[in-house]
Amino acid sequence: MNGARHRQWGGGLAIYAFAYLAFLYIPVLLLPLFSFNDSLFIAFPLRGFTTKWYAAMAADTQMRAALWNTLKVGATASLVSTILGLLAAKALTQSAPLPSRGFVLGFANLSLFIPEIVIGIALLILMTSVGLPLSLTSVVIGHVLICLPFALLVLMSRLEGFDSSLEEASRDLGENAWMTFWRVTFPLVLPGIIASLLLTFIVSFDDFMLAFFLCGTDTTLPVYIFGELRFPYKLPNVLALGAAILIASAALIALAEWARRLGAEGAARDRVIGA
Amino acid sequence: MEGSDFIRIDKVTKQFGAATAVDGVSLHIAKGEFFSLLGPSGCGKTTLLRMIGGFAFPDEGRIVLDGADVTDLPPNRRPTNMVFQSYAIFPHLNVRDNIAYGLRVERMSAGERNARVDEALAMIRLSGYGERKAQQLSGGERQRVALARALVKRPKVLLLDEPLGALDKRLRETMQIELRQIQRDVGITFIFVTHDQEEALSMSDRVAVMEKGRVLQVADPKTLYERPVSRAVADFIGTMNFFEGRLVDLSNGKATVETAALGRVEASMPSGGTFAPGARVLIAIRPEKLVLSHEQPEAPFVPGKIVAASYLGDRSQIQVSISGADTPVAVVTQTSTAFRDGEFVYISWRSGGPLLIAE
């Protein structure tokens, strides 16, 4: 009886789970679908297969400039936030905890919960009041701000449980703190660093709000796309672009997750054998 | 530097917040000595070792190694190397690179470095293991790699932080013998931290017994066992029976003590300490210094009743309740005579068995 009820509920659950996933992904999948549709209008029924929107997208020099800006901003912001995050994570996971650990950790991650529009306005006011011209540099500053909590969380999970006696052993064997970092800490934390770089890159790449406020005349890709939406004849190009970004993002996230798991397995194995 | 001044630890104190981990410890350790710091967990022995290695710095006092004050030097600038409790084998390097790690810091040709690593691998009998990763090693093998990695630096002092604690009993006993053998061969001063009194006694030239951040006694294992200076030391090392009493006479290095449980007892004096007749003192007797018999022996003796008898193969451990003592007296006998629960017996003691200890 118990089993029968279980099966009955199981069927209901399967339908619910399917609806749940459909809700999440069907809208997103419409993007690549219409990007191959041979019509200026985004509506069913589909008119036929074409790749001309992709060709148009590739030929768009303004779009290519915006993409290049986004890549530059993403690379810089992810590198800076990962370095800063690594330093903070190292300090916060020391075996002798800092007295201010809880305080620092709380505030370091609190910015995750500040609406980006608030951060955007605040940074805009700050930049103009200190006289910093709006440019890709100001976008990078804003992106480092929103990327830091992500970098910190990823790197802390890697450094948590890091056996500090490994670093002590290196010091004991004659290395100074700097070489100890490069010979012991860095190789062991590398999977976390890669995961952090990829994740923060995506955060920066995706960001519209801060870039919209801070980019001035140097548009990034999301800002450019937003501008293009005003022209109906350019909509299919944007769909093609969106589909391309979707695939690239998915690939990057898969890569980041793979790197993180690789690291987590390694760390877990070390702990088990060490015990 | 000669004599027992090779390592001089001078009134070293270390506090963590309000807690005093090491409290005014002074020790002198000789060159080539196998010296153990023995005590229960939290007694400050590991903190003291870490201060010698440069992983913690004293609040007060000095540490002098071979004539040089190293108190404030970082670990990489001290002539010491450490075998960590967790072994701290670098998981991203193989055995050979682990052992060569510290040699790469020194200016040395690749040929010489390889020769030194090969020599170290041979010493720990892991010659074929150079290419293995840390994950592929057993606990005992990791322990030996940690030892080789430290010794290959040819330190003046090797520090060992409970290196056998993670091993099972049989392997631990093998490693005790091996470690002692290696120490004799290389002639390097070893400072060994352990909470295992048998381990400390079996391996060390001298042992410092620590409790609550202080050193209670420093002595060779035999003196420590046979002439403990305090109840705490006697309690920590082996089993000891204590009897309260009053000192009635002192003469020729012998003390006469009046006890409730054993009557009048003649006891050996400890090397240190001053006693005045009339003082309240303790008589301490090891279980193997007591003799049990069914027949009444020559005086002095006391009658008692066996409350527990455990057969341990080569010997028996017997608990005897006697009047005037709160807890049963522990006696160790050879197994040639059988003693059973509930039997009435006589306890006598070998001369030299009873020790005088301040209360």
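This report concerns the structure included in the present document. As the structure is a computational prediction, the values presented were derived from the model and not from experiment.

## Some remarks on the overall build of chain A
Each helix and strand counted, chain A has eleven helices and zero strands in total. The C-alpha radius of gyration computed for chain A amounts to 23 Å, which surpasses the reference 19 Å derived for 275 residues by more than 25%, pointing to a less compact arrangement than a globule. Across its three principal directions, the C-alpha atoms of chain A cover 75 × 70 × 30 Å. Taking all 275 residues of chain A together, 39% fall into the buried category.

## Some points on the nonpolar core
Residues and elements named next belong to chain B. Judged by nonpolar contacts, the single largest core of 47 residues is most densely connected at Ile7, Ile9, Leu27, Leu37, Leu48, Phe90 and Ile191. Not counting residues within four places of it along the chain, the set of residues in contact with Ile9 comprises Val25, Ser26, Leu27, Leu48, Ile52 and Arg62. Ile99, Ala100, Leu147 and Phe190 belong to the second-largest nonpolar core, a separate cluster that totals 34 residues.

## A short note on helix α8 (residues 177-206) of chain A
Spanning 30 residues, α8(A) covers only 37 Å between terminal C-alpha atoms, well under the ideal 44 Å at 1.5 Å per step. Maximal helix bending in α8(A) amounts to about 55°, located at Leu190(A); proline Pro191(A) follows within four positions.

## Section: the sheet that holds strand β5 (residues 68-69) of chain B
All names here are of chain B. Pairing is antiparallel in the open sheet, where four strands are placed in the order β2-β1-β4-β5. Looking at the sheet topology across the chains shown, the edges are occupied by β2 (19-29) and β5. Looking at chain direction, strand β1 (residues 7-16) and β2 are connected through seven bridges and run antiparallel. Across the sheet, residue Lys14 finds its bridge partner in β2, namely Val22. Sitting on the sheet, helix α1 (residues 45-53) touches β1, β2 and β4 (60-65), and the angle it makes with β1 is about 120°.

## Looking at the interface of chain A and chain B
The partner chain B presents 26 residues to the 21 residues of chain A that form the contact. Carbon and sulfur atoms supply 57% of the area that chain A and chain B bury against each other, a total of about 2000 Å² over both sides. Three residues, Asp172(A), Leu173(A) and Arg183(A), lead the burial of chain A against chain B; their summed loss comes to 36% of the area buried on that side. The tally of links from chain A across to chain B stands at one salt bridge. Across the salt bridge formed by Arg50(B) and Glu168(A), the nearest N and O atoms sit 2.6 Å from each other. Along the contact surface separating chain A from chain B lie ten residue pairs in polar contact (both at pLDDT 80 or more). Those elements that place two or more of their residues in the side of chain A that touches chain B are α7 (164-172), α8 and α11 (235-274) of chain A. By residue class, the composition of the side of chain A that touches chain B is seven nonpolar, six polar and eight charged.

## Looking at a nonpolar patch on the surface
Residues and elements named next belong to chain A. Residues Leu13, Tyr16, Tyr20, Leu21, Phe23, Leu24, Tyr25 and Leu29 make up a contiguous nonpolar surface patch of roughly 940 Å² in combined accessible area. Of note, Leu21 is situated in helix α1 (residues 2-35). Given a relative accessible area of 47%, Leu21 falls into the partly exposed group.

## Concerning the pattern of salt bridges
Residue and element names in this part refer to chain B. A complete count under the given rule lists 25 salt bridges over all chains for this structure. Measuring nitrogen to oxygen at the nearest pair gives 3.6 Å for the salt bridge that ties Glu178 to Arg144. In this pair, Glu178 is assigned in helix α5 (residues 169-186) and Arg144 in helix α4 (residues 139-151), connecting sequence segments 34 residues apart. Judged by its relative accessible area of 12%, Glu178 falls in the buried class. A relative accessible area of 12% places Arg144 in the buried class. Taking the shortest distance from any N to any O, the salt bridge between Glu226 and Lys222 comes out at 3.3 Å. Separated by four residues within a single helix, Glu226 and Lys222 lie in helix α7 (residues 221-226), roughly one turn from each other.

Criteria and thresholds
- Residues numbered from 1 in each chain as written.
- Chains lettered and ligands numbered in written order.
- Predicted model: local features only at pLDDT ≥ 70, side-chain atom pairs only at ≥ 80, totals over all residues.
- Heavy atoms only, no water.
- Helix = DSSP H or I, 4+ residues; strand = E, 2+ residues; numbered from the N terminus.
- Rg over C-alpha atoms; globule rule 2.2 N^0.38 Å.
- Buried < 20%, exposed > 50% of the residue type's maximum accessible area, 1.4 Å probe, protein only.
- Core = buried A, V, L, I, M, F, W, Y, C linked by side-chain atoms within 4.5 Å.
- Contact = heavy atoms within 4.5 Å.
- Expected span 1.5 Å × (residues − 1).
- Bend = angle between axes of the 7 residues up to and from the residue.
- Pairing = 2+ DSSP bridges.
- Axes fitted to C-alpha atoms, helices over the stretch in contact; angles between N-to-C directions.
- Buried area = accessible area lost by both parts, 1.4 Å probe.
- Salt bridge = Lys/Arg side-chain N within 4 Å of Asp/Glu carboxyl O.
- Polar contact = N/O pair within 3.5 Å; in protein donor to acceptor, adjacent residues only side chain to side chain.
- Nonpolar A, V, L, I, M, F, W, Y, C, P; charged D, E, K, R; others polar.
- Patch = residues over 30% accessible without salt bridge, like charges linked within 9 Å, V, L, I, M, F, W, Y side chains within 5 Å.
- Areas by Shrake-Rupley, 256 points an atom, 1.4 Å probe, with all protein chains shown as cover.

Any functional reading would require information beyond the geometric quantities listed.
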